[in-house]
Amino acid sequence: MTSPSEYYSEALAELAAQGNLRAIPSGDSPAGLTDLSSNDYLGLSARADLQERFMADARRRTIPMSASAARLLSGTQREFAALEELLSGLYGRPALLFNSGYHANAGLVSALASAPGTVVMADRLVHASIIDGITLSRAPLRRFRHNDTAHLERLIEKEEAEGRAKRFLVIAEGVYSMDGDRAPLEALAALKRRHPGVMLYIDEAHSFGVCGPRGLGLSMALPDPSEADIIVGTLGKAACSSGAFAIMHPDLRDWAVNRARSFIFSTALPPMQAAWSRFVIEQMLGMDAERARLDSLARIIAPAIGSEPSHIMALVTGDPVSAVSRSRELLAEGFKVLPIRVPTVPPGTDRLRISLSAALPEEEAIRFKNLLR
């Protein structure tokens, strides 16, 4: 029998041989390197002018740097309430803050799906945080083929015919994080109208700030946005902050406050962070020029990899070793594009994930495109 430490050493060596060993990068990226790996889609992380304007208000400089307790215990609620009020006004329904997109999905999905009689219908490419929430709920899970609403409807009709399901939690992402393609939201909304037992859950993590009216996500472009029963957005990507939020009916919000373990048992975000998020969102609503520039940059690069233009695109290599090798080649040319490997993506679809920012100079986008040919 090998010792525990020997087992882990051997397992790590096997990961390394497969090209799947990960490590946390040390230090900051070298100066002059063009980063195409972050989720800073609007290019706000380097906007010193935003930070200066935020801190110019003396009242903000005294906001607490720690909540020191969970929301249900903490007496510091002003900044959280102000951010939720802003989001509720934008979406027309109550908002609830979470500490991260992972906390939001794992907590909400597990809370909603744990209701007896719920069957979860999830797109095959939804994020790991959603899968973990489903696992925690112990609800029956049916996976439908990616963006295939016909397959989804057949699965629902089969469950309806068998008569055991009381409701269906259908989960999709507005923009998928590894391919950059979009969910067929209008088709999903039409399916919901045909099947009254469906609740539609849309994760807008990679579309909030970038897509839809004023950057509020693709769900808000639906003729009736309320057909998306739950909208999740993250604040640590285009919004240049941290945390996440969910938009939903008042009863669902109350259910989450009482049943979402990631909300109940986590110390809340720093109030200072909530105030910063509110400030950034207020600025972000008017950033149509940045969103248009992001689309323009995507259209420069997309033809070189045979992709539809998106702020997220994939250069599929097919195996982890070649993904790592290609990433190193591009790094030598001054571009940081990280390899994405199993288990983040299915076997055989290892890739470089190209993540664009509105701050990317056009000449660099053209140079990068030429390197991909």
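Described in the following lines is the structure provided in the data block. These numbers were taken from a predicted model, which means no experiment stands behind them.

## A few points about the overall build of the chain
1) Next: When helices and strands are tallied, the chain shows 13 helices and 12 strands.
2) Next: Taking 373 residues into account, the globule formula puts the C-alpha radius of gyration at 21 Å, and the chain, at 21 Å, falls close to it.
3) Next: If one aligns the C-alpha atoms of the chain with their principal axes, the spans along those axes are about 55 × 55 × 55 Å.
4) Next: The 373 residues of the chain split such that 51% are buried.
5) Next: For the chain, long-range pairs separated by at least 24 residues make up 73% of all intrachain contacts whose partners lie at least 6 apart in sequence.
6) Next: Counting every atom, the chain has about 17300 Å² of accessible surface; 54% of that belongs to carbon and sulfur.

## Description of the pattern of salt bridges
1) Next: This model, assessed by the stated rule, comprises 18 salt bridges.
2) Next: Taking the shortest distance from any N to any O, the salt bridge between Asp148 and Arg145 comes out at 3.3 Å.
3) Next: Of the residues examined, Arg145 reaches a relative accessible area of 42% and is grouped as partly exposed.
4) Next: For the salt bridge of Arg278 with Glu282, the shortest nitrogen-to-oxygen distance reads 3.7 Å. One end of the pair, Arg278, and the other, Glu282, are both in helix 10 (residues 271–284), 4 residues apart, so they sit about a helical turn from each other.
5) Next: Residue Glu282 is classed as partly exposed on the basis of its relative accessible area of 33%.
6) Next: Because the salt bridges share partners, they merge into one network encompassing Arg47, Asp49 and Glu290.

## Focus on the sheet that holds strand 3 (residues 118–123)
1) Next: Taken together, the 7 strands give an open sheet; going across it, the order is 2-8-7-6-5-3-4, and neighbouring strands pair in mixed fashion. Both outer strands of the open sheet, strand 2 (95–98) and strand 4 (141–144), are each paired with one neighbouring strand and no more. Each strand of the sheet is rotated relative to its neighbour by a mean of 20°, with strand direction disregarded.
2) Next: In terms of strand pairing, strand 7 (residues 230–234) meets strand 8 (residues 244–247) through 4 bridges, oriented antiparallel. Note on strand 8: the bridge partner recorded for Val232 is Ala246.
3) Next: Together, strand 5 (167–173) and strand 6 (198–203) form the strand contacts of helix 7 (residues 185–194), whose direction differs from that of strand 6 by roughly 160°.

## Observations regarding the pairing of strand 12 (residues 351–355)
1) Next: With 5 of 5 residues buried, strand 12 lies mostly within the body of the structure.
2) Next: Residues of strand 12 alternate between two faces, with Arg351, Arg353 and Ser355 on one and Leu352 and Ile354 on the opposite face, all of them buried.
3) Next: Sheet analysis places strand 11 (residues 339–340) next to strand 12, joined by 2 bridges and oriented antiparallel. Bridged to Ile340 within strand 12 is Arg351.

## Re the packing of aromatic side chains
1) Next: In this structure the tally under the stated criterion is 8 aromatic pairs.
2) Next: An aromatic cluster is built from Phe54, Trp276 and Phe279, whose rings are joined through pairwise contacts.
3) Next: Over the ring of Trp255 we find Arg259; its NZ or CZ atom is 5.2 Å from the centre of that ring.

## Observations concerning helix 5 (residues 128–137)
1) Next: Listing the buried residues of helix 5 in full gives Ser129, Ile130, Gly133, Ile134 and Ser137. Along the long axis of helix 5, the arc covered by the buried residues comes to 140°, so they all point the same way. Set apart from the buried face of helix 5 by more than 90 degrees, the exposed residues are Thr135 and Leu136.
2) Next: At its buried positions, helix 5 is contacted by helix 4 (101–113), strand 3, strand 4, strand 5 and strand 6.
3) Next: Among the residues trailing helix 5, Arg138 stands out with phi positive, at a value near 60°.

## Observations concerning the packing of helix 6 (residues 149–162) against helix 7
1) Next: Interaxial distance between helix 6 and helix 7 falls to 10 Å at its minimum, and their mutual angle equals 20°. Considered as vectors, helix 6 and helix 7 are oriented roughly parallel to each other. Crossing geometry of helix 6 relative to helix 7 is assigned as right-handed. Where helix 6 abuts helix 7, its residues Thr149, Leu152, Glu153 and Ile156 lie against Ala187, Leu188, Leu191 and Arg194.
2) Next: Looking at the contact of helix 6 with helix 7 residue by residue, the class counts come to 5 nonpolar, 1 polar and 2 charged.

Reading guide: rules and limits
Residues numbered from 1 in each chain as written. Predicted model: local features only at pLDDT ≥ 70, side-chain atom pairs only at ≥ 80, totals over all residues. Heavy atoms only, no water. Helix = DSSP H or I, 4+ residues; strand = E, 2+ residues; numbered from the N terminus. Rg over C-alpha atoms; globule rule 2.2 N^0.38 Å. Buried < 20%, exposed > 50% of the residue type's maximum accessible area, 1.4 Å probe, protein only. Contact = heavy atoms within 4.5 Å. Areas by Shrake-Rupley, 256 points an atom, 1.4 Å probe, with all protein chains shown as cover. Salt bridge = Lys/Arg side-chain N within 4 Å of Asp/Glu carboxyl O. Pairing = 2+ DSSP bridges. Axes fitted to C-alpha atoms, helices over the stretch in contact; angles between N-to-C directions. Phe/Tyr/Trp six-rings, centres within 6.5 Å; stacked < 30°, edge-to-face > 60°. Lys NZ or Arg CZ within 6 Å of the ring centre and 35° of its normal. Arc of directions from axis to C-beta. Parallel < 35°, antiparallel > 145°, perpendicular 65-115°, else oblique. Left-handed = near helix turned anticlockwise from the far one by under 90°. Nonpolar A, V, L, I, M, F, W, Y, C, P; charged D, E, K, R; others polar.

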